[in-house]
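Report on the structure
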Amino acid sequence: MLKKFALAAALVVALSPAGAASAASALKALDTDNDGTLDLAEVKAAAGKVFERLDKDKDGTLDRKELQGRVSKKDWATADPDKDGTLTSDEYLAEVETAFHRADADGDGTLDAKELRTPDGQAVLRLAR
Ligand SMILES: [Ca+2]
Ligand SMILES: [Ca+2]
Ligand SMILES: [Ca+2]
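A short tour of the structure in this document, coming up. (Residues numbered from 1 in each chain as written. Chains lettered and ligands numbered in written order. Predicted model: local features only at pLDDT ≥ 70, side-chain atom pairs only at ≥ 80, totals over all residues. Heavy atoms only, no water.)

**Here we look at the coordination of the calcium ion (ligand 2)**
What counts is decided by this rule: Donor selection uses N, O and S atoms within 2.8 Å of the metal (3.2 Å for Na, K and Ca). Since no water is included, sites may look incomplete. Angle rules define the geometry names used: all angles between 85 and 135 degrees makes four donors tetrahedral, while opposite donors over 155 degrees apart and all other angles between 65 and 115 make four donors square planar and six octahedral, leaving every other case irregular. Per-residue accessibility, obtained with a 1.4 Å probe over protein chains only, is compared with the maximum for each type, and a residue is labelled buried under 20%, exposed over 50%, and partly exposed between these values.
Those donors, D80 (OD), D82 (OD), D84 (OD), T86 (O), E91 (OE) and E91 (OE), are the protein atoms that reach the calcium ion (ligand 2), and they lie 2.2 to 2.8 Å from it. The site at the calcium ion (ligand 2) holds six donor atoms, and with the angles between them running 48 to 154°, its shape is irregular. Taken in sequence order, the residues that donate to the calcium ion (ligand 2) follow the motif D-x1-D-x1-D-x1-T-x4-E. Take T86: its relative accessible area is 17%, and that puts it in the buried class.

Below, the structure is given as structure tokens:
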């Protein structure tokens, strides 16, 4: 039993050494009510700040260059429904919400450290940091 757990833990660490560390520090940084999980409001508040920071020319949109890989090629199609090649903050926050629900594997409305370590959780953190 213990051995099995250690093996699984080792596997997780081997799969995402950077992810595990950044999930913990991101959780700490973004968890403004300090309940040990991230809810959608916390993630969206952080993502809104990211948007403002990245929008250097302050025209209210982000193009792919300004986003610096935060939105994957695959997600770009759904993130940019009007297909003008840029994201407004509404489009960005909608994408954040989509990513949040995808990462919330147990559907309890919050992301815990375990969920944040998954590839879907990492995608949320990319949008919010
Ligand atoms: Ca929280
Ligand atoms: Ca757009
Ligand atoms: Ca959850």
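**Topic: the packing of aromatic side chains**
Test applied: A pair of Phe, Tyr and Trp rings is counted when the ring centres sit within 6.5 Å of each other, with Trp represented by its six-membered ring. The angle between the planes then sorts it: under 30 degrees is stacked, over 60 is edge-to-face, the rest tilted. Helix numbers and strand numbers start at the N terminus; a helix is a DSSP run of H or I with at least 4 residues, a strand a run of E with at least 2.
With the rule as written, the count across this model stands at one aromatic pair. When the ring of F51 is compared with that of Y92, the centres are 5.6 Å apart and the planes differ by 55°; the resulting orientation is tilted. Of the two residues, F51 sits in helix α3 (residues 40-54) while Y92 sits in helix α6 (residues 89-103), which places them 41 residues apart along the sequence. In this structure, F51 and Y92 share a single accessibility class: buried.

**A closer look at the nonpolar core**
Applicable threshold: Here, nonpolar core refers to any group of buried Ala, Val, Leu, Ile, Met, Phe, Trp, Tyr and Cys residues whose side-chain atoms link them within 4.5 Å.
One finds L38, L67 and Y92 to be the most contacted residues of the largest nonpolar core, which totals 29 residues. Among the elements of the structure, α2 (17-30), α3, α5 (73-79), α6 and α8 (119-128) are those that each provide at least two residues to this core. With seven residues, the top contributor of residues to this core is α3.

**Digging into the coordination of the calcium ion (ligand 3)**
For the calcium ion (ligand 3), the full set of protein donor atoms is D104 (OD), D106 (OD), D108 (OD), T110 (O), E115 (OE) and E115 (OE), and the range of their distances to it is 2.2 to 2.5 Å. Note that the calcium ion (ligand 3) binds six donor atoms; their angles at the metal cover 54 to 155°, and the shape is irregular. Spacing between the donor residues of the calcium ion (ligand 3) along their common chain follows D-x1-D-x1-D-x1-T-x4-E. Classification of D108 by relative accessible area gives partly exposed; the value is 46%.

Nothing here speaks to function; it is geometry throughout.
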